[in-house]
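# Coordinate analysis (summary)
Each chain is listed here by its residues.
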Amino acid sequence: MQSTTRLFDDNSRKALADAPLQQALGKLSSNFTVKRALAAARLPEFEALRDQARDIKDHVLAHLDIYLERFEANVVAQGGVVHWCRDADEARATVLAICHEAGARTATKSKSMITEEIALNDHLEANGIEPIETDLGEYIIQLRHEHPSHLIAPAIHLNKNQVEATFRAAHTDLPPGRNLEEPRSLLEEARAKLRRRFLDADVGITGANMLIAETGSIVTVTNEGNADLTMTLPRVHIAIASIEKIVPTLEDATTLLRVLARSATGQENSVYTTFATGSRRTDDADGPSAFHVVLLDGGRSSLIGGAFQDMLRCIRCGACLNHCPVYGAIGGHAYGWVYSGPIGSVLTPGLIGIAEAAKLPGASTLCGRCEAVCPVRIPLPRLLRQWREKEFEQGLQSKTARFGLGLWAFLARRPQLYRAVVGVVMRILGRLARRHGSFYNLPFAAGWTADRELPAPEGRTFIDQWRARAGGHR
Amino acid sequence: MNTSSLQPPASPRIGLFVTCLVDVVRPSIGFAAVRLLEAAGARVEVPLAQTCCGQPAYNSGDREDTCAIARQVIEAFAGFDYVVAPSGSCAGMLRRHYPELFETADPWRARAEDLAGRTWELLSFLADVMQADIVGDWPARATYHDACSGLRELGVKTQPRSLLAGIAGLELIEAPTAETCCGFGGTFCVKYPDISTKIVDAKLDDAAATGAGLLLGGDLGCLMNIAGRAKRRGVPLEVRHTAEVLAGMTDLPAIGSGRG
Ligand code: SF4
């Protein structure tokens with residue numbers, strides 16, 4: 001996917017002015033954060049499970065090669081094929097080749113962020129294969145030629161009226177006078193449209209929430225059951241996942257599942273949790289005759305063993321987005337690439353480079369709520385700060401910011417000089433604003449005073465008063 | 001947490017880390033801290049070689065200046081029984097982040113850890129260590145802002161509330177979003193002012209919805225942000241640092257209000 005993260009400032013200004021988006025974001029708290037808190041509170045061992053989940057992922061990342069090879073051996077033993085892809089180009093080419101080989105004209109898809117990362121839909125379309133998104137949210141944004149704005153709720157930026165308009169514009173074969181007032185009727189209409197497509201598709205492409213090394217299974221988690229239809233109805237099933245999605249055992253997978261849905265939506269379990277293993281066996285009632293797993297590295301292996309490895313623990317639950325004040329203000333699209341919110345701001349520089357994504361690590365108040373809710377305890381604020389260090393080292397911050405910080409640091413490292421300077425400045429400012437108590441406008445604090453008053457200093461600094469009163473230490 | 005530090009010496013010697021914002025913008029909070037600490041039986045000293053905890057540099061990725069400032073603070077606050085700051089953010093910096101600045105083998109690491117073990121945020125220090133008994137009287141309806149670092153790095157949540165319970169007439173009305181960030185974030189609010197404004201507006205709306213005319217909190221940065229935005233929007237909300245109220249310094253103009 002092409003990134004627009006360089007335009008973060010413009011993107012976010014537009015997002016702040018987008019009324020339907022703001023209305024949708026206003027519901028994040030009641031839809032997600034409140035429910036997550038209740039789910040966590042209901043399960044006494046939730047905090048201990050988070051520790052276990054973190055440890056499982058850390059263990060995997062330390063032995064990734066072993067588990068990936070074990071996974072491949074077990075996929076092959078179950079009649080499947082594993083394709084190792086270094087980057088987006090290789091992954092796209094691999095999927096296309098499988099589709100061509102199957103003589104595919106249409107491919108159903110269930111939600112997969114990796115296919116967003118490698119811009120698979122564009123590639124398939126350009127090569128004469130029609131991709132059909134089957135997750136309701138993904139279906140809507142595909143009709144609108146948009147990208148997901150949330151890890152688990154891809155169309156969260158839209159309201160019902162927008163969806164209705166989209167359906168009316170796309171489903172021109174249906175009576176124009178039909179009633180689409182209720183969300184239910186929108187869902188029914190999408191279902192009816194998709195039913196045929198499910199049955200006609202030659203290839204089904206799913207993501208995978210986890211890959212299980214000991215069985216060669218993939219795990220998908222949905223609330224709509226669309227992943228199941230996508231993988232069982234067509235002749236060929238392609239599961240596409242990044243390498244860090246691996247877990248050693250079924251037992252480990254269940255530990256992660258116990259924190260995943262609770263963190264994501266506050267559900268104990270998603271409605272559908274599916275373990276798919278290999279291709280159809282002779283005594284299976286259904287299933288694909290060919291099973292492919294496309295494993296994408298996509299820059300992840302270069303993060304292993306480095307200062308940013310922790311971000312590879314992510315299980316894409318979306319909790320950090322739901323609890324982030326910045327995401328809550330601007331939504332997902334403003335971040336300009338596949339991943340948004342706190343995890344997007346650490347992942348994007350890691351996957352497409354800090355120069356391209358330089359605007360993201362700074363776009364956080366470091367309030368720490370993301371880390372407080374992350375089911376695998378990723379220290380997101382620390383990772384954001386580490387990216388800021390990289391930016392600082394590479395001189396990627398604005399000249400004004402660097403100059404201001406440099407001047408401030410020069411003074412802060414020299415207490416006597418600092419005292420002399422701030423002492424004078426505060427006396428002047430204090431006198432200027434004594435009556436009003438704050439500044440409406442200060443030229444060197446324009447970023448602050450554009451939208452808020454700057455509370456004025458009282459006048460003499462604490463240290464000056466203390467020194468005058470007691471002669472230093474007393 | 002070092003549990004032995006919960007039994008303070010009879011009259012502990014305290015180094016007050018004033019914090020740069022309190023020092024220059026609202027020294028009264030510093031004097032409120034002194035008054036409260038002394039009333040609780042501590043001896044308060046103020047090392048003059050202090051400027052700032054270094055967060056502006058730390059959060060901007062400037063590791064070298066951060067370490068230099070950290071060493072300066074470690075040096076200035078050597079030897080005190082406790083180091084107390086009227087800010088969860090600055091106390092969190094000393095307590096949680098200073099040790100991480102230095103490699104394990106670096107001698108400064110041990111000194112940073114020693115400082116971290118002695119450092120407290122003012123309100124939690126008064127409640128948890130000094131077990132201060134605060135008695136006062138001030139009729140007001142207040143709501144509380146749990147500033148992020150204090151809350152999530154240091155667990156400051158119940159302490160200010162239990163201290164405020166000693167102020168007769170003060171009614172605390174909790175906002176459901178008391179723990180949500182106010183959008184200050186240090187340099188964040190000037191680098192991304194539009195987003196910051198959106199966040200602080202939500203905070204103000206939630207605070208106003210409680211019906212309280214007063215917002216209290218323990219971090220001046222957040223309070224300046226909230227007060228500054230309230231004044232610009234004309235939201236009638238007084239903003240004060242909790243220490244001022246506990247120390248009976250309520251005749252001060254509220255943050256951002258004039259004397260005229
Ligand atoms: S970083 Fe943590 S909270 Fe955010 S999506 Fe990943 S697992 Fe969930």
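### Details of the pattern of salt bridges
Residues and elements named next belong to chain A. For the coordinates displayed, the defined rule picks out 51 salt bridges over all chains. Note that Glu-45 is salt-bridged to Arg-258, the shortest N-O span being 2.8 Å. You can see Glu-45 sitting in the loop between helix H3 (28-42) and helix H4 (46-62) and its partner Arg-258 sitting in helix H13 (residues 250-264), a full 213 residues away along the chain. Between Asp-58 and Arg-313 there is a salt bridge, and its shortest N-O distance comes to 2.9 Å. In this pair, Asp-58 is assigned in helix H4 and Arg-313 in the loop between strand E10 (290-296) and helix H14 (319-322), connecting sequence segments 255 residues apart. Where salt bridges share partners, they join Glu-47, Arg-50, Asp-51, Arg-54, Asp-55 and Arg-377 into one cluster.

### So, the domain arrangement of chain B
Residues and elements named next belong to chain B. Its domain assignment divides chain B into domain 1 (11-127) and domain 2 (133-246). The straight-line distance from the C-alpha centre of domain 1 to that of domain 2 is 22 Å. Each side of the interface is counted separately: domain 1 has 24 residues, and domain 2 has 24 residues. Carbon and sulfur atoms make up 70% of the surface buried where domain 1 meets domain 2, a total of about 1900 Å² over both sides.

### With respect to the site of the ligand
Lining the immediate environment of the ligand, one finds 13 residues, of which Cys-314, Cys-317, Gly-318, Cys-320 and Cys-374 of chain A sit closest. Across the shell around the ligand, the residue classes tally to eleven nonpolar, one polar and one charged.

### Here's the deal with the packing of helix H16 (residues 341-352) of chain A against helix H18 (residues 380-393) of chain A
The axes of two packed helices give the description: the angle between them and the distance between them. Residues and elements named next belong to chain A. At a minimum axis separation of 9 Å, H16 and H18 run at an interaxial angle of 40°. With respect to each other, H16 and H18 are oriented oblique. By crossing handedness, the relation of H16 to H18 is classed as left-handed. Contacts between H16 and H18 pair Pro-342, Ile-343, Ser-345, Val-346, Pro-349 and Gly-350 from the former with Leu-380, Leu-383, Leu-384 and Trp-387 from the latter. For the contact of H16 with H18, the residue count by class is eight nonpolar, two polar and no charged.

### Things to note about a nonpolar patch on the surface
Residue and element names in this part refer to chain A. Residues Phe-410, Leu-417, Val-421 and Val-425 make up a contiguous nonpolar surface patch of about 290 Å² in total accessible area. Ranked by residue count, the leading element in the nonpolar patch is helix H20 (residues 415-432), at three residues. Position of Leu-417 relative to the elements: it lies in helix H20.

### Concerning the sheet that holds strand E3 (residues 82-85) of chain B
All names here are of chain B. Ordered by their spatial adjacency, four strands build an open sheet running E2-E1-E3-E4, and the pairing between neighbours is parallel. Here the strands that pair on one side only, and so sit at the sheet edges, are strand E2 (43-45) and strand E4 (119-121). Each neighbouring strand pair of the sheet contributes to a mean axis angle of 35°, computed without reference to strand direction. Strand direction decides the pairing type here: strand E1 (residues 13-16) and E2, joined by three bridges, are parallel. Bridge assignment links Gly-15 to a residue of E2, and that residue is Glu-45. Contacting E1, E2 and E3, helix H2 (residues 27-39) runs over the sheet at an angle of about 170° to E1. Of the strands in this sheet, E1, E3 and E4 are in contact with helix H7 (residues 122-129), which crosses E4 at around 100°.

Definitions and cut-offs
Residues numbered from 1 in each chain as written. Chains lettered and ligands numbered in written order. Predicted model: local features only at pLDDT ≥ 70, side-chain atom pairs only at ≥ 80, totals over all residues. Heavy atoms only, no water. Salt bridge = Lys/Arg side-chain N within 4 Å of Asp/Glu carboxyl O. Helix = DSSP H or I, 4+ residues; strand = E, 2+ residues; numbered from the N terminus. Domains from an automatic or database assignment. Contact = heavy atoms within 4.5 Å. Buried area = accessible area lost by both parts, 1.4 Å probe. Near = heavy atom within 4 Å. Nonpolar A, V, L, I, M, F, W, Y, C, P; charged D, E, K, R; others polar. Axes fitted to C-alpha atoms, helices over the stretch in contact; angles between N-to-C directions. Parallel < 35°, antiparallel > 145°, perpendicular 65-115°, else oblique. Left-handed = near helix turned anticlockwise from the far one by under 90°. Patch = residues over 30% accessible without salt bridge, like charges linked within 9 Å, V, L, I, M, F, W, Y side chains within 5 Å. Areas by Shrake-Rupley, 256 points an atom, 1.4 Å probe, with all protein chains shown as cover. Pairing = 2+ DSSP bridges.

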